[in-house]
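Descriptive analysis of the structure
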Amino acid sequence: MWNNCEDLVVKIMESKVVIPGEILLPSAEGIRPGKGTYELHGHIFASLAGFVYMKDDQMNDKNIQVLEVRRTEERHDHVIPFIGCVVTAKILNIGSRFAKCELLCVEDATLSSNSEFTAILRREDIRAVDKDKIDLAKCIQPGDIILARVVSFGDNQSSFILSTAEDQLGVVSAVGESGERMVPFDWVSVKGLQTGILEPRKVAQVPSLSR
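We now turn to the structure provided with this report. Here the structure is a predicted model, which means the values were calculated and not measured. (Residues numbered from 1 in each chain as written. Predicted model: local features only at pLDDT ≥ 70, side-chain atom pairs only at ≥ 80, totals over all residues. Heavy atoms only, no water.)

Relative to strand 11 (residues 145-153), strand 7 (residues 86-94) runs antiparallel, the two being bridged by 5 bridges. Its bridge partner lying in strand 11, Val 86 is registered against Arg 149. Bridge count for strand 7 against strand 8 (residues 98-106) is 7 bridges, and the pairing is antiparallel. Within strand 8, the residue paired with Val 87 across the bridge is Val 106. What sits between strand 7 and strand 8 in their antiparallel hairpin is a turn of 3 residues. (Pairing = 2+ DSSP bridges. Helix = DSSP H or I, 4+ residues; strand = E, 2+ residues; numbered from the N terminus.)

In terms of nonpolar packing, the biggest core is built from 29 residues, with Val 87, Leu 103, Ile 140, Ile 146 and Leu 162 touching the most fellow members. The element best represented in this core is strand 8, accounting for 4 residues. With near-sequence residues (within four places) excluded, Leu 103 lies in contact with Pro 81, Val 87, Thr 88, Ala 89, Leu 111, Phe 117, Ala 119, Phe 160 and Leu 162. Membership of the second largest hydrophobic core comes to 12 residues, among which are Ile 31, Ile 44, Ala 46 and Leu 48. (Core = buried A, V, L, I, M, F, W, Y, C linked by side-chain atoms within 4.5 Å. Buried < 20%, exposed > 50% of the residue type's maximum accessible area, 1.4 Å probe, protein only. Contact = heavy atoms within 4.5 Å.)

Another aspect to go through is the pattern of salt bridges. A complete count under the given rule lists 7 salt bridges for this structure. Its salt-bridge partner being Arg 181, residue Glu 39 comes within 2.6 Å of it at the nearest N-O pair. Separated by 142 residues along the polypeptide, Glu 39 in strand 3 (residues 37-40) and Arg 181 in strand 14 (residues 181-186) bring together distant segments of the chain. Take Glu 39 and Arg 181: they sit in the same class, and that class is buried. Through salt bridges with shared partners, a single ionic network connects Arg 122, Glu 124 and Asp 125. (Salt bridge = Lys/Arg side-chain N within 4 Å of Asp/Glu carboxyl O.)

This is the structure in structure tokens:
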């Protein structure tokens, strides 16, 4: 579908600076969102203002293109998450009571590739209601990209506690059981790009993108 995606990205880069919430490309199997972007309702959006880049990567032994948005000054070694900020994070692994995450962005600043900020998303912090009934595996999965709020510090200076209890927070891009890329279908499920299979998630309800 997007055989000329690199040419399209170059055109975007040359023509303008993108802003948060701007549509970059329709979702496609050979492209996945990277730093400074997120996936929602069949499109990849910018999560910060900057320039668009495409880089090669591998996923499940397949070559894919990763779409990123970078600021002119790309590195943000000095950026530190703070209580109350919204972060973009990747789910690394999950257990029965919490998930371990890697922080990718703090507000609109993309963290540098050597950043070592980690976070914990606890089961009771996933939703605002029915906290004792939450099944973590039905809300998030390893590889998912989430928007979350920092609510507390963790057990060291580079660790934080996250919450997705607000409606606008949660999964914005997902990886299915088979490794398939999935995008939000409604507020409680994501859909496979190729198979159309639905899986449960706590999906971020982004008001400005619900049109």
